[in-house]
Amino acid sequence: MANTKRNIRKIGIYPKVKFNLKLKMITLISLLLVGICITFALFLHHFLSKTIEDQMGKRALSVAQSIANIPEIKNAFSLGDPSLVIQDIVTPIQEEVGAEFIVVGNRNGTRYSHPDANKIGKKMVGGDNDRALLHGQSYISKKEGSLGLSIRGKAPIYANQEIIGVVSVGFLNDSIQDIITNQSKSIWYTLGIIVLIGIIGAIIISYHIKRLLYNMEPEEISHLYLQNEAILQSTHEGIIAIDHNGFITTINSAAMQILQCKQDYDYKKTSIEQILPAITDSREEIFHDREMVLGDQVVLVNQTPVYSENVITGAVITFRKKSELQKITEELSRIKQYANAQRAQTHEHSNKLHIILGLLLNNKIKEAIHFIKKENNLQSERLKFLTENVTDPLIHALLLGKSNQALELGVTLSINPYSQLTYKLSEAQQDAILTSLGNIIENAFEAVKNNMEKERNVSIFFTDIGKEVVFEIEDSGAGVEQKDIPHLFEQGFSTKPGVHHGTGLALSKQAVYAVGGEIILEEAELGGAYFIISIPKELGG
């Protein structure tokens, strides 16, 4: 690879690279880390400053409130010189709590204590005592005092429920900023180490990625990719090319993804049947948008033969996911079933009108009336049963339509009188039942339509008693041969003659399995096929 790269560069095929990939990765990752760390550090510094100032303010206020409640200080206000008592009380407290000052003053703001004894007896500075002296509030303030800008805790002193003075406990702003600075240093050191580690990591990552890319630059990779993969990778469809023997010659990444193939395995010279068993063996057949199940994906498949001098040398198979169109497909399938049922009902109604007309023309009025009442009773009983026992409107309509279709085909479709479906199905459960039930009943009609008239029987039983919704469909057809049972639900497998069969049961199985249910085949008492559809009421049940 490296030799090829050097040779191609010599002849100037690769585009010119302005910036080395390693340099770009190191620079961009480093800038990102530095930007994040600086932003985070500024936020932490602001948060830390705010937190420390709040804590110091609350600490000052707590000390001020405690001092204001000391009985000795309250009693000292009645002495001739309160400062002689108060100064001795607050001095050790100030040293213990680490405050810059503790000042006790009277209602006029005259100091009775101060760290500087020369200032005792003078007026308190700051002008922020009114809330305590006039309104009796305890609070935190930030003002310029005789010692400088400080955060203060103020508390009023009460005696006999009257305000007699105020306590001011303060921490100088300069001291607080020193604390914040010392705390912030550790943050900056830590973030600096993180940035350094990040830059080293960026260097290691860039060298590793460069080595994985065979020391090629992004511009070089994209240019080579476009040259070699332009045709295959210009579409999101899966593309597989095979030779005349059915061996894979080309497969693109989209196909491997849809088929869930191993990405690190070379599928060239692998038989197409190993990963696409549903594809026909004929290389001459042309088909478009044929619906198939590949793995757990429903796809639309196209096949086009490849000719060379009028001789088939292989075929190109393309397919795309149909998951986003699955619901629409099922809706159209059901509409087709409903249309067939309506056609059958119309045909049956036309036949009965002709019978009634013949009876009336032959003046057999009593027979005509009897026939009409009989048919009306049959229709009424059928409709009444489905209305009372099937609350889902779409399944109700499907069963009614299949009943009419059975009459047209001369098939006896019987629904067990103990059947019921009153459980409210989710949309996914409803779709699964409509798809599977419609396809299996249709297959049952196909299985019995060539029997003797008395042997064209299809029976249905359904119930929602218990934790599952269960449908049982049994027919009197020829049944399924033992050798065909393992392949019954495979896409493309069918016991019917002709082409374009083998899709219904595969779609039914996929729809039922998607909602946690299952379809199984059992032995039938009528001698034909006996399918059981079971869907848990709760997904995952």
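Residues numbered from 1 in each chain as written. Predicted model: local features only at pLDDT ≥ 70, side-chain atom pairs only at ≥ 80, totals over all residues. Heavy atoms only, no water.

1. Thoughts on the packing of aromatic side chains
Tallied over the entire structure, the rule returns three aromatic pairs. Consider the rings of Phe77 and Tyr112, whose centres lie 5.2 Å apart with planes at 65°: the pair is edge-to-face. Linking Phe77 in the loop between helix H3 (71-76) and helix H4 (83-97) with Tyr112 in the loop between strand S1 (101-106) and helix H5 (130-133), this pair joins segments that are 35 residues apart in sequence. Across from the ring centre of Tyr139, 4.1 Å away, lies the NZ or CZ of Arg131, which sits over that ring. Positioned above the aromatic ring of Tyr513 is the side chain of Lys509, whose terminal nitrogen or guanidinium carbon lies 5.3 Å from the ring centre. (Phe/Tyr/Trp six-rings, centres within 6.5 Å; stacked < 30°, edge-to-face > 60°. Helix = DSSP H or I, 4+ residues; strand = E, 2+ residues; numbered from the N terminus. Lys NZ or Arg CZ within 6 Å of the ring centre and 35° of its normal.)

2. As for the sheet that holds strand S13 (residues 518-523)
Spatially, five strands are ordered S10-S11-S12-S14-S13 in an open sheet, and the strand pairing comes out mixed. One side of each edge strand has no neighbouring strand; the edge strands of this open sheet are strand S10 (412-415) and S13. When strand polarity is set aside, the average angle formed by the axes of neighbouring strands in this sheet is 15°. As judged from the six bridges shared by strand S11 (residues 457-463) and strand S12 (residues 468-475), these two strands associate in the antiparallel manner. If you follow Ser459 over to S12, its bridge partner there is Glu474. Its contacts with the sheet put helix H14 (residues 504-514) on S13 and strand S14 (529-536), and the angle it makes with S13 is roughly 125°. (Pairing = 2+ DSSP bridges. Axes fitted to C-alpha atoms, helices over the stretch in contact; angles between N-to-C directions. Contact = heavy atoms within 4.5 Å.)

3. Some details on the nonpolar core
Of all hydrophobic cores here, the largest spans 37 residues; its most connected members are Ile395, Leu399 and Phe471. At the level of secondary structure, the elements contributing two or more residues to this core comprise helix H11 (365-389), helix H12 (393-409), helix H13 (427-448), S11, S12, H14 and S14. Considering every element that reaches this core, the biggest residue donor is H13, with nine residues. Once residues within four sequence positions are removed from consideration, Phe471 is found in contact with Ile395, Leu421, Ile433, Leu437, Phe461, Phe462, Phe531, Ile532 and Ile533. Residues Ile52, Ile70, Ile157 and Ile164 belong to the second largest nonpolar core, which totals 33 residues. (Core = buried A, V, L, I, M, F, W, Y, C linked by side-chain atoms within 4.5 Å. Buried < 20%, exposed > 50% of the residue type's maximum accessible area, 1.4 Å probe, protein only.)

4. Some remarks on the packing of H12 against H13
Relative orientation of the contacting elements H12 and H13 amounts to 10°, with a least axis distance of 11 Å. Considered as vectors, H12 and H13 are oriented roughly parallel to each other. Contacts between H12 and H13 involve Leu394, Ile395, Leu398, Leu399, Lys402, Gln405, Ala406 and Leu409 from the former and Gln430, Ile433, Leu434, Leu437, Gly438, Ile441, Glu442 and Phe445 from the latter. When grouped by side-chain class, the residues that make up the contact of H12 with H13 number 11 nonpolar, three polar and two charged. (Parallel < 35°, antiparallel > 145°, perpendicular 65-115°, else oblique. Nonpolar A, V, L, I, M, F, W, Y, C, P; charged D, E, K, R; others polar.)

5. A short note on the confidence of the model for the protein chain
Put simply, the protein chain has an average pLDDT of 77, and 79% of its residues get 70 or more. Mean pLDDT in the protein chain bottoms out at helix H1 (residues 2-10), which sits at 45, and peaks at S12, which reaches 92. Low confidence marks residues 1-12, where pLDDT is under 50. Its contacts with residues over four positions away, or in another chain, come to 13 contacts. (pLDDT = per-residue confidence, 0-100.)

6. Some details on helix H6 (residues 173-212)
Between its first and last C-alpha atoms H6 spans 57 Å; for 40 residues at 1.5 Å apiece the expected length is 58 Å, and the two agree. Where H6 is concerned, the buried positions are Asn173, Ile176, Ile180, Ser184, Ile187, Leu191, Val195, Gly198, Ala202, Ser206 and Lys210. Immediately downstream of H6, the backbone of Tyr214 shows phi near 55°, a positive value. (Expected span 1.5 Å × (residues − 1).)

7. Some words on the pairing of S11
Within S11, five of the seven residues are buried, leaving the element largely enclosed by the surrounding structure. Relative to S11, S10 runs parallel, the two being bridged by four bridges. Paired with Thr412 across the strands is Asn457, a residue of S11. You can see the chain leave S10, run along H13 and come back into S11, and the turn it takes is left-handed. Once S11 ends, the chain turns through four residues before running back antiparallel as S12, passing Gly466 with a positive phi of about 95°. (Right-handed = clockwise from strand over helix to strand, strands pointing away.)

8. What to know about the pattern of salt bridges
Using the criterion set out here, one finds three salt bridges in the structure. For Lys402, the salt bridge identified is with Glu442, shortest N-O distance 2.4 Å. One end of the pair, Lys402, is in helix H12; the other, Glu442, is in helix H13, with 40 residues separating them in the sequence. Accessibility expressed as a relative area gives 1% for Lys402, which makes it buried. Here Lys483 and Glu481 are joined by a salt bridge, their closest N and O atoms 3.6 Å apart. Taking the relative accessible area as the measure of exposure, Glu481 reaches 48% and is therefore partly exposed. (Salt bridge = Lys/Arg side-chain N within 4 Å of Asp/Glu carboxyl O.)

9. A few points about H14
Three or more residues of H14 are buried, namely Leu505, Ala506, Leu507, Ser508, Ala511 and Val512. Positive phi appears at Gly516, one or two residues downstream of H14, with a value of about 85°.

10. Here's the deal with the environment of Thr313
Relative to the helices and strands, Thr313 is located in strand S9 (residues 311-321). Among the residues examined, Thr313 registers a relative accessible area of 34% and is labelled partly exposed. Taking C-alpha positions, Thr313 is 4.8 Å from His244, a pair spaced 69 residues apart along the chain. Setting aside chain neighbours within four positions, we find Thr313 in contact with Ile242, Asp243, His244, Val306, Tyr307 and Ser308.

11. Structural notes on the environment of Asp464
Topologically, Asp464 is positioned in the loop between S11 and S12. We classify Asp464 as buried; its relative accessible area is 5%. For the pair formed by Asp464 and Ser534, sequence separation is 70 residues and the distance between their alpha carbons is 9.7 Å. Engagement of the side chain of Asp464 in a polar contact is seen with the backbone nitrogen of Tyr423, the distance being 2.8 Å. (Polar contact = N/O pair within 3.5 Å; in protein donor to acceptor, adjacent residues only side chain to side chain.)

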